[in-house]
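Inside the fold
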Amino acid sequence: MKLQRFALALAGIGLLGASVSSVPAFAGKTDPKPHFSDKVAHPGAVKALAVGGPCINYVGVPTAAGMMQEIDVTAGATPSAESFEPFNYVATRANATWYGAVNAAGTQYYYYGLMLQGSSLYRQTTYLPDAKPPVPTFKKVGTGWTNFKTIATSNYSIANPRHAYLYGLNTNNSLYRYQIVGAGFKALGPIPGFRGFKTMTVVSETATYDTLLMTTTAGALWTAHIPIAAGAKPVMKLIRASGFDKYESLVAQGCGTRGGTLVTAVDNATQSGNQYAFSKFNGTATAMTNYGPIPGAVFNGVDHVSFTTHYDQEVSE
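What comes next concerns the included structure. (Residues numbered from 1 in each chain as written. Predicted model: local features only at pLDDT ≥ 70, side-chain atom pairs only at ≥ 80, totals over all residues. Heavy atoms only, no water.)

Concerning the overall build of the chain
We count it as follows: A run of H or I in DSSP counts as a helix once it spans at least four residues, and a run of E counts as a strand once it spans at least two, with each numbered from the N terminus. Relative accessibility thresholds used throughout: buried, under 20% of the residue-type maximum; exposed, over 50%; partly exposed, between the two (1.4 Å probe, protein chains only). Throughout, a contact is declared for two residues whenever any of their heavy atoms are within 4.5 Å. To be clear on the numbers: accessible area is Shrake-Rupley with a 1.4 Å probe, and residue cover counts the displayed protein chains and nothing else.
A tally of regular secondary structure across the chain gives three helices and 22 strands. Expressed as a percentage of its 317 residues, the buried residues of the chain come to 52%. Restricting to contacts in the chain with at least 6 residues of sequence separation, those with at least 24 account for 51%. Just so you have it, the chain exposes about 13,100 Å², and 55% of that area is on carbon and sulfur atoms.

Description of the environment of lysine 139
Looking at the secondary structure, you find lysine 139 in strand β9 (residues 135–143). A relative accessible area of 53% means that lysine 139 is categorised as exposed. Sequence separation of lysine 139 and glutamine 124 is 15 residues, and the distance between their C-alpha atoms is 6.5 Å. When sequence neighbours within four positions are dropped, the list of residues in contact with lysine 139 reads Leu121, Tyr122 and Arg123.

Side note on empty space enclosed by the protein
Rules: In this analysis, the protein atoms alone were mapped onto a 1 Å grid. Cavities are point sets where a 1.4 Å probe fits without being able to get out; pockets are open sets with protein on both sides within 12 Å along at least five of seven lines; lining residues have an atom within 4 Å of a point. Grid points are joined across faces, edges and corners, and a volume is the space filled by probe spheres set on the points. Charged means Asp, Glu, Lys or Arg here, nonpolar means Ala, Val, Leu, Ile, Met, Phe, Trp, Tyr, Cys or Pro, and polar covers whatever is left, Gly included.
Throughout the structure, instances matching the rule amount to one cavity of 30 Å³ or more. A volume near 90 Å³ is recorded for the largest cavity. Considering the residues around the largest cavity, the lining is formed by Thr97, Tyr99, Thr153, Thr201, Val202, Glu205, Ala252, Ser306, Thr308, Asp312 and Glu314. Secondary-structure elements contributing two or more residues to the lining of the largest cavity are β14 (197–205) and β22 (305–309). Broken down by element, the residue count for the lining of the largest cavity peaks at three residues, all from β14. The class makeup of the residues in the lining of the largest cavity is three nonpolar, five polar and three charged.

Section: the nonpolar core
Nonpolar side chains tend to gather and get buried jointly when the protein is soluble and globular. To keep things clear, this is the line we draw: Here the nonpolar core consists of buried residues drawn from Ala, Val, Leu, Ile, Met, Phe, Trp, Tyr and Cys, with membership extended through side-chain atoms lying within 4.5 Å.
Grouped together as the largest cluster of nonpolar side chains are 15 residues, with contacts concentrated most on Leu175, Phe194, Met200, Leu212 and Met214. Going through the elements one at a time, β11 (163–170), β14, β15 (209–216) and β16 (221–227) are the ones with two or more residues in this core. Beyond its immediate chain neighbours, meaning those up to four positions away, phenylalanine 194 contacts Leu169, Asn173, Leu175, Met214, Ala224, Pro234 and Met236. Ranked by size, the runner-up nonpolar core spans 14 residues in total, among them Met68, Tyr109, Met115 and Leu128.

A look at the state of the cysteines
Keep this limit in mind: Cysteine sulfur atoms that come within 2.5 Å of each other are treated as a disulfide pair.
Tallied over the full model, the rule gives one disulfide. In this model, cysteine 55 is linked to cysteine 255 through a disulfide, with the two sulfur atoms separated by 1.9 Å. An S-S torsion of about 90 degrees defines the bridge between cysteine 55 and cysteine 255 as right-handed. Of this pair, cysteine 55 sits in the loop between α3 (43–50) and β1 (56–62) while cysteine 255 sits in strand β18 (residues 249–255), and the two are 200 residues apart along the sequence.

A closer look at the sheet that holds strand β20 (residues 272–278)
Here is the rule we go by: Strand pairing is defined by DSSP finding a minimum of two bridges between the two strands. Only the contacting stretch of a helix is used when fitting its axis, a line to C-alpha atoms as for every element, and angles between N-to-C directions run 0 to 180 degrees.
Read from one edge of the open sheet, four strands run β18-β19-β20-β21, paired in antiparallel fashion. Sheet topology places β18 and β21 (288–293) at the edges, where each strand pairs with a single neighbour. When the angles between neighbouring strand axes are averaged without regard to direction, this sheet yields 20 degrees.

As for the pairing of β20
Among the seven residues in β20, six count as buried, and that is most of the element. With seven bridges joining them, strand β19 (residues 260–267) and β20 adopt antiparallel strand pairing. Directly across from valine 263, in β20, lies its bridge partner tyrosine 276. Connecting β19 to the next strand, β20, in antiparallel fashion are four residues, including glutamine 271 with a positive phi near 55 degrees.

Side note on the packing of aromatic side chains
The criterion, for reference: Pairing of aromatic side chains here covers Phe, Tyr and the six-membered ring of Trp, requires ring centres within 6.5 Å, and sorts the geometry by plane angle: under 30 degrees stacked, over 60 edge-to-face, intermediate tilted. Whether a charge sits over a ring comes down to the Lys NZ or Arg CZ being within 6 Å of the ring centre and within 35 degrees of the ring normal.
All chains considered together, the criterion is met by 18 aromatic pairs. With centroids separated by 5.1 Å and ring planes inclined at 40 degrees, the aromatic side chains of phenylalanine 244 and tyrosine 276 adopt a geometry described as tilted. One end of the pair, phenylalanine 244, is in the loop between β17 (235–240) and β18; the other, tyrosine 276, is in strand β20, with 32 residues separating them in the sequence. Assessed through its relative accessible area of 4%, tyrosine 276 is described here as buried. Taking NZ or CZ as reference, arginine 177 lies 4.8 Å from the ring centre of tyrosine 165, over its face.

See the structure below:
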């Protein structure tokens, strides 16, 4: 497997477990922070830390000013956050998951993902040189996205039949799905019935379905189980009836061996985050632990996205 080295180096999801040995950790608020690309270029320390380590949310923070930053949020009775040096990106209004990968020769690490800028859809590829800031590149891949509020992507890559989908939540109260085929997109049509929904993230990717975790403007938290089969209708399950109205972003990563999920929920108005842990999603029977506010971190993105790897699958339903 060409990405095996990368997946092992970033085990547990991450590019992001800790500062590597060649980059000192700084405690003072005014001290410089390491570039997050350094942890990829020196994967040994990350791999060692990830084995048996705590669950962590790896949060990408794309700002209105055209910067990107990584914040690692470690689960605990009081969550702890580690922020990395911001780097030049581009102004966006909506972003999907960033997937880490490596080239066939094992010499170039990079992230890729999709984003919206104005009415256009772009694919970004952000290269991660050693001991230097990341280098993002952009390619326009679609137009006509003015009425889409948010986007999310799935990426089932560990077995056949593999699939990758782009989901777009539209202001017309429908969820649109597109199959990602190579560099192109195949429109699969709208799925009606999403009035009042405002944010979403992928929490399961399997050979037969994807599951989105979604919030409503009224504060409810739902899962949308969407079969891969053409024309199949989603199965909606209420997780919690209230309490999530203030959040504009959900960043989810798997936690533990039982299909649990760690979620950082972000309130854009206060630029603050709150961390939750969920059991495997099962409607209102889903167990939830509220770890509370995340101190010492500023979540000032237009939205907030998961940093993961190409071969890390979400299996939380």
